[in-house]
Amino acid sequence: MSKPAKIDPDNIPSHIAIIMDGNGRWAQHHKLLRTMGHKVGVDSVLNIIKSCRLLGVKVLTLYAFSSENWQRPEQEVSTLMSLLKTFLARELTNLTQNNIKLRAIGQEERLPADVREVLHHSIRQSADNTGMVLNLALSYGSRDEIVRAVRLIAEKCLRHELSLDSIDMETINEHLYTCGLPDPDLIIRTGGESRLSNFLLWQASYSEIYITDTHWPDFREPQLLTAIADYQKRQRRFGKTGEQVATRTSEETS
Ligand code: IPE
Ligand code: IPE
Ligand code: MG
């Protein structure tokens, strides 16, 4: 096995967001049921949470279930919901011991009542933790999030709590599910597809995107380190020239 990639501890992305894709194909490849792919995928979730916490990542967002995933066969949806419930119930102590605060984004009203209950309980119990935010995207869809934000803002305008002129990018940020969280620095997609699948469309404006063919159940700390090493090789220019960014960085470090 090759050595894990070397990374610079001073340039760890503050917010990593992951599209955890490829569970079904992983299972197919191993001649197993899709469900097994999701089950082994939970082990990757635990491994990646632990690694991110140790690396000093501030926010880890995991795309666990999209608003479109409800269209899957009922059996698969119920397996995913049950895995989620077990995960939340079993991992609360682990999260708290590691000072991890749980948060969720998405249409929580669509989740089954029992899942919602354990989710709320874990969010409440971990609310004062400060080490890292674990942000689960559950029944999440970016377009739905934007529609919701527009409605909330329009309501405030109608009630004269907000004036049209005062609406700016910050207003939009404040009305998204991700309110209060920084934009992702790095978005990782496993399973090889080159698309965002309705994930953080607004927030991803300047995220670095890393796509790997590795399926999610095989994605563990060594693969995460490779992704971070790749991120660290990039120059984030935010529309400026490479020279401008290089000058600013050298000024900051002198
Ligand atoms: C990701 O794996 C898990 C969810 C979307 C819930 P998939 O189940 O989409 O796996 P593939 O893409 O079919 O291999
Ligand atoms: C994206 O994966 C959603 C999650 C990983 C939760 P999908 O498997 O749903 O994406 P598509 O359908 O291939 O775009
Ligand atoms: Mg998929």
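Residues numbered from 1 in each chain as written. Chains lettered and ligands numbered in written order. Predicted model: local features only at pLDDT ≥ 70, side-chain atom pairs only at ≥ 80, totals over all residues. Heavy atoms only, no water.

**Remarks on the packing of helix 2 (residues 34-55) against helix 7 (residues 221-232)**
Across the interface, helix 2 lies against helix 7 with an axial gap of 9 Å and an inter-helix angle of 50°. Relative to helix 7, the element helix 2 lies oblique. Both helix 2 and helix 7 take part in a crossing whose hand is right-handed. The residues of helix 7 that touch helix 2, namely those facing N47, I48, S51, C52 and L55, are E221, L224, L225 and I228. Here the residues of the contact of helix 2 with helix 7 are counted per class, giving six nonpolar, two polar and one charged. (Axes fitted to C-alpha atoms, helices over the stretch in contact; angles between N-to-C directions. Helix = DSSP H or I, 4+ residues; strand = E, 2+ residues; numbered from the N terminus. Parallel < 35°, antiparallel > 145°, perpendicular 65-115°, else oblique. Left-handed = near helix turned anticlockwise from the far one by under 90°. Contact = heavy atoms within 4.5 Å. Nonpolar A, V, L, I, M, F, W, Y, C, P; charged D, E, K, R; others polar.)

**A few points about the site of ligand 1**
Inspection of the region around ligand 1 gives 13 residues, with D21, G24, R25, R34 and R72 positioned closest. D21 has a polar side-chain atom sitting 2.8 Å from an oxygen atom of ligand 1. A distance of 2.7 Å separates an oxygen atom of ligand 1 from a polar backbone atom of R25. When ligand 1 is considered free in solution it has 380 Å² of accessible area, and contact with the protein chains removes 86% of it. Using a 2 Å cut-off from the grid points, one finds that ligand 1 occupies the largest pocket. Residue assignment for the shell around ligand 1 shows that the elements contributing at least two residues are helix 1 (23-29), helix 2 and helix 3 (74-97). It is helix 1 that provides the largest number of residues to the shell around ligand 1, a total of three residues. Here the shell around ligand 1 is composed, by residue class, of three nonpolar, five polar and five charged. (Near = heavy atom within 4 Å. Polar contact = N/O pair within 3.5 Å; in protein donor to acceptor, adjacent residues only side chain to side chain. Areas by Shrake-Rupley, 256 points an atom, 1.4 Å probe, with all protein chains shown as cover. 1 Å grid on protein atoms, 1.4 Å probe; cavity = no way out; pocket = protein on both sides within 12 Å on 5 of 7 lines; lining within 4 Å. Sits in = over half its atoms within 2 Å of the grid points.)

**A few points about helix 7**
Along its twelve residues, helix 7 runs 16 Å from first to last C-alpha, staying within 8% of the 16 Å computed at 1.5 Å per residue. Among all positions of helix 7, only L224, L225, A227, I228, A229, Y231 and Q232 are buried. Buried-residue contacts for helix 7 involve strand 1 (15-19), helix 2, strand 5 (186-189) and strand 6 (208-211). (Expected span 1.5 Å × (residues − 1). Buried < 20%, exposed > 50% of the residue type's maximum accessible area, 1.4 Å probe, protein only.)

**Section: the environment of A154**
For A154, the position within the fold is in helix 5 (residues 142-158). For the pair formed by A154 and L164, sequence separation is ten residues and the distance between their alpha carbons is 9.0 Å.

**Observations regarding the site of ligand 2**
Around ligand 2, the neighbouring residues are I19, M20, D21, Y63, A64, F65, S66, N69, R72, R189, R195 and S197. Take R189: an N or O atom from its side chain is 3.4 Å from an oxygen atom of ligand 2. For ligand 2, the protein covers 78% of the area, taking 390 Å² as the surface of the free molecule. Per-element accounting of the shell around ligand 2 gives the leading share, four residues, to strand 2 (residues 59-66). The residue inventory of the shell around ligand 2, partitioned by class, reads five nonpolar, three polar and four charged.

**Some thoughts on the nonpolar core**
For soluble globular proteins, nonpolar side chains are generally found buried alongside one another. In this structure, I16, L60 and L134 are the most contacted members of the largest nonpolar core, which totals 40 residues. By residue number, the principal contributor to this core is helix 3, which donates eight residues. Residues in contact with I16, not counting those within four places in the same chain, are C52, V57, V59, L60, T61, L186, I188, L224 and I228. Counting residues in each nonpolar core, the second largest holds eleven residues, with I19, I105, I187 and F199 among its members. (Core = buried A, V, L, I, M, F, W, Y, C linked by side-chain atoms within 4.5 Å.)

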